[in-house]
Amino acid sequence: MEWQIYIWAFLVGGALAMLGQLILDFTNYSPGHVLSGFVVGGGILGGLGIYPRLIEFAGGGASMPISSFGNALVQGAISEAERNGVIGVMTGMFELTSTGITAAIVFAFFVALIFNPKG
Amino acid sequence: MARKIGKQTYQPENPPVIISTAAVVGPFEGQGPLQPYFDHIYTDMMAGERSFEAAEREMALNACWTCMNKAGKTPQEVDFFLAGDLLNQITTSAFSAVELAIPYLGIYGACSSSGEGLALATMLVDGGYANLVLAATSSHNATAERQYRYPTEYGSHRKPTTQWTVTGAGAALVAPGGTGDGPQITMFTVGKLVDLGIKDVQNVGAAMAPAAADTLVRHFADTGRSPGYYDLIVTGDLGKFGKDLTKKLAVSKGGFDLSDNYEDCGLILYDTEKQDVHAGASGCASSAVVVYGYLYRQLMEGQIRRLLMVPTGALHSPTSFQQGDNIPGIAHAISIEKP
Amino acid sequence: MARDPKKKKLTVDQKRYTELVRDTVPRPRYGKNALLAFFFGGLIALIGQGFIDFYRFTLDMDVKEAASPAVATMIFIAALLTGLGLFDKIARVAGAGVSVPVTGFANSLASAALEFKREGLVFGVGSKMFILAGSVITFGVVTAFVIGLIYAIFIF
């Protein structure tokens, strides 16, 4: 196990979160705007081949922020596109993200069933 | 006949009397400095009901019944029920009206609804249309959050200007002048919408301050009174920064200095040091519970004799905000005096 | 007096008031917020990395494969904290530190589903679950589609 990756994970994960905070504080954009921007940014960096390299050396620091969701969607689309062209873009898109999306919807549903909002 | 004074102010011929009031609040408000002045403090945000909306209705009805019981009146004796709240289609008020079975005129002034109710009640009573009017308003932190902002368990970051919607309800019974020795509504100024370009829903204090200043300046200009005429001037829910802005605007627009006797209900209701409410309270109940609970008693006990109540409202909607519209504000001024 | 529909631009009064508000209203505590966000964002990254290594060894996956269950675990934790009423309390301090990572995504789904359960399973939980998270999904998918298309047509 490389301990180095933990240091980078902390720094990169922290930096991305801090970037989000600064945008929220300095502009009038809402959290929805900022997170959507992060996803698009992660997708573009994924398309340029930069994000996968970021994940390699920062590990959780790059795969935990929501930007990795954008990257994963792009990677899925590209890898199927290589095999099946334009149709592959659509069939492959959720390959890498289906775990996350499924988990999010399913857990949200059960939380809603079990708990009550406290106000 | 009532007299119109100046451009927006009216003086009833026979100033109606507020014969009784009631104020109920939620647990958080019950921890504040005004605790002894409320008729009921709920220990639970759900008030034992199945939803936050139902809880707000329960609080609104509690305030109405308590107010009527204190005056020894029954709903059948009330001519009009004027009520408003923050929810879509003011359902809290409408469903309260179902149970009370009083002829109902729903109003919407957002957080200025208490003032709108009193102004209209004065017109109905002094105009000879009614012998008894019940004016009520309510708000609830959770119902407001889930409609206007975010789900209550959402991890949103609040700014220093963000305010905390009050959970509570207030009601007042207005009767013709000469009914008992309660405080009288001697004048009222109906405000206009004022839009000075604020778009930030986390800063509604700044959106409403121009309206408060505008109505105050108009009130003093129309009546010829100065701020010093009143023992206390209160705005409804401008919060810390809205209050500062109002003072500055009062100076620049009307040359009035409000430093000595001006307070904001949103800052009196909570202990701003100990309770995390950021800029202060907001919501229809902010002005209602402070005036109907605390200041009404001050008037009855003679601690203050002349009160100018200026509830303020922000008349935007989540849709108008998302479409990029400004947040316009409104404020009404009600002069309440007990000689 | 006829109606004047052209009152659209900011008037002089509005501009002056905007300046007055800027002078009167306090700025957010930029430094404190940024540092807290950094700390919590980094912490979540550490915990996520911990789960990645955990799943690598226990489920015998490679680094890329282990990211999926690690993300799912973080989502579970965030959803649970939302249900327990703790997430919003943490977020008040951590700010973007918990909303930028996938924990924020999970919280937006869970808090919306939880809040609107009063409107029933279909109108409330089912539909309104995506009120806050929907834009993230929409923009992610559209971006990936466009980039995928570029790759499919021009590169492959």
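Caption draft 1: Representation of the overall build of chain A within the structure. Each helix and strand in chain A was counted, giving six helices and zero strands. Put simply, chain A runs from its N terminus to its C terminus through helices and strands in the order α-α-α-α-α-α. A total of 119 residues make up chain A; the buried ones form 56% of that total. Of the contacts made within chain A by residues no fewer than 6 positions apart, 57% connect residues no fewer than 24 positions apart.

Caption draft 2: Structural context of the overall build of chain B. Within chain B, the regular secondary structure consists of ten helices and 17 strands. Computed over the C-alpha atoms, the radius of gyration of chain B is 18 Å, within 12% of the 20 Å expected from 2.2 N^0.38 for a compact globule of 339 residues. Structurally, chain B occupies a C-alpha span of about 55 × 45 × 35 Å along its principal axes. Counting contacts in chain B only where the partners sit at least 6 residues apart, residues at least 24 apart contribute 78% of the total.

Caption draft 3: A look at the interface of chain C and chain B. Of the residues lining the interface, 30 residues belong to chain C; the matching set on chain B comes to 23 residues. Listed by contribution, the elements that provide at least two residues to the side of chain C that touches chain B are helix 1 (12-24), helix 4 (87-94), helix 5 (96-99) and helix 6 (102-115) of chain C. A per-class count over the side of chain C that touches chain B returns 14 nonpolar, eleven polar and five charged.

Caption draft 4: Looking closely at the pairing of strand 7 (residues 133-139) of chain B. Residues and elements named next belong to chain B. By the criterion of burial, strand 7 is predominantly enclosed, with seven of the seven residues buried. What you see with strand 7 is no split at all: V133, A135, T137 and S139 on one side and L134, A136 and S138 on the other are buried throughout. Two strands pair when backbone bridges link them, and strand 5 (residues 80-85) and strand 7 are joined in this way by six bridges, in the parallel orientation. Paired with F81 across the strands is L134, a residue of strand 7. As paired elements, strand 7 and strand 9 (residues 168-175) share seven bridges and run antiparallel to each other. Bridging across to strand 9, T137 finds its partner in G170.

Caption draft 5: Representation of the packing of helix 5 (residues 67-92) of chain A against helix 8 (residues 134-155) of chain C. Two elements in contact, helix 5 of chain A and helix 8 of chain C, have axes separated by 8 Å at closest approach and are oriented at 40°. As summarised for this structure, helix 5 of chain A and helix 8 of chain C are arranged oblique, according to the angle between their axes. Remark: the crossing between helix 5 of chain A and helix 8 of chain C carries right-handed chirality. Seen from helix 5 of chain A, the contacting residues are F69, G70, L73, V74, A77, I78, A81, G85, V86, G88 and V89 of chain A; seen from helix 8 of chain C, they are G140, V141, T143, A144, F145, I147, G148, L149, Y151 and A152 of chain C. Taken together, the residues that form the contact of helix 5 of chain A with helix 8 of chain C break down as 15 nonpolar, six polar and no charged.

Caption draft 6: A look at the domain arrangement of chain B. All names here are of chain B. With domains assigned, chain B is organised as domain 1 (3-175) and domain 2 (184-337). Computed from C-alpha coordinates alone, the two centres of domain 1 and domain 2 are separated by 17 Å. Counting from both sides, the interface comprises 56 residues of domain 1 and, opposite them, 58 residues of domain 2. For the side of domain 1 that touches domain 2, the element with the most residues is helix 4 (residues 113-126), which contributes seven residues. Per-class residue counts for the side of domain 1 that touches domain 2 are 27 nonpolar, 23 polar and six charged.

Caption draft 7: Molecular detail of the interface of chain C and chain A. Each partner contributes to the interface: chain C provides 63 residues, whereas chain A provides 62 residues. The class makeup of the residues in the side of chain C that touches chain A is 43 nonpolar, 17 polar and three charged.

Caption draft 8: Structural view of the nonpolar core. Judged by nonpolar contacts, the single largest core of 116 residues is most densely connected at A63, V133, L134, A171 and L173 of chain B. Both domains that meet at this core, namely domain 1 (3-175) and domain 2 (184-337) of chain B, each give it at least three residues. Once residues lying within four places of it in the same chain are set aside, the contact partners of L173 of chain B are I18, I19, S20, C67, M68, A71, K73, L132 and L134 of chain B. Residues A17, I66 and A108 of chain A together with L109 of chain C belong to the second largest nonpolar core, which totals 87 residues.

Caption draft 9: Spotlight on the environment of E56 of chain B. Residue and element names in this part refer to chain B. Locating E56 in the fold gives a position in helix 2 (residues 52-70). Each C-alpha atom of the pair E56 and N141 lies 9.4 Å from the other, and the pair is 85 residues apart in sequence. Those residues in contact with E56 that lie beyond four places of it in its chain are T92, S138, H140 and T143.

Caption draft 10: Summary view of helix 5 of chain A. In this model, helix 5 of chain A (26 residues) spans only 18 Å end to end at C-alpha, well below the 38 Å of a helix rising 1.5 Å per residue. The largest bend in helix 5 of chain A comes to about 150°, at N84 of chain A.

Caption draft 11: Quick look at the pairing of strand 3 (residues 17-25) of chain B. Residues and elements named next belong to chain B. Of all nine residues that make up strand 3, nine are buried, and the element is covered over most of its length. Where strand 3 lies against strand 9, eight bridges are found, and the strand directions are antiparallel. Its bridge partner being in strand 9, I18 is matched across the sheet by V174. As defined by bridge partners, strand 3 adjoins strand 4 (residues 40-41) across two bridges and the pair is classed as parallel. Bridge pairing links V24 to H40 in strand 4.

Caption draft 12: Molecular detail of the packing of helix 2 of chain B against helix 3 (residues 91-100) of chain B. Residue and element names in this part refer to chain B. For the pair helix 2 and helix 3, interaxial distance at closest approach is 9 Å and the crossing angle is 50°. One element, helix 2, and the other, helix 3, form an angle in the oblique class. Every pair of crossing elements has a handedness; the one defined by helix 2 and helix 3 is right-handed. Residue-level inspection shows E56, R57, A60, L61 and C64 of helix 2 in contact with helix 3, the latter providing T92, S93, F95, S96, E99 and L100. When the residues that make up the contact of helix 2 with helix 3 are grouped by side-chain class, the tally is five nonpolar, three polar and three charged.

Caption draft 13: Looking closely at the environment of I5 of chain B. All names here are of chain B. Along the chain, I5 turns up in strand 1 (residues 3-5). The exposure class of I5 is partly exposed, given the 16 C-beta atoms found within 10 Å. For the pair I5 and T21, spaced 16 residues apart in the sequence, the C-alpha separation amounts to 28 Å. If near-sequence neighbours (up to four positions away) are discounted, I5 is found in contact with Y10, Q11, D222 and T223.

Reading guide: rules and limits
Residues numbered from 1 in each chain as written. Chains lettered and ligands numbered in written order. Predicted model: local features only at pLDDT ≥ 70, side-chain atom pairs only at ≥ 80, totals over all residues. Helix = DSSP H or I, 4+ residues; strand = E, 2+ residues; numbered from the N terminus. Buried ≥ 20, exposed ≤ 12 C-beta atoms within 10 Å, placed from the backbone. Contact = placed C-beta atoms within 7 Å. Rg over C-alpha atoms; globule rule 2.2 N^0.38 Å. Nonpolar A, V, L, I, M, F, W, Y, C, P; charged D, E, K, R; others polar. Pairing = 2+ DSSP bridges. Axes fitted to C-alpha atoms, helices over the stretch in contact; angles between N-to-C directions. Parallel < 35°, antiparallel > 145°, perpendicular 65-115°, else oblique. Left-handed = near helix turned anticlockwise from the far one by under 90°. Domains from an automatic or database assignment. Core = buried A, V, L, I, M, F, W, Y, C linked by C-beta atoms within 7 Å. Expected span 1.5 Å × (residues − 1). Bend = angle between axes of the 7 residues up to and from the residue.

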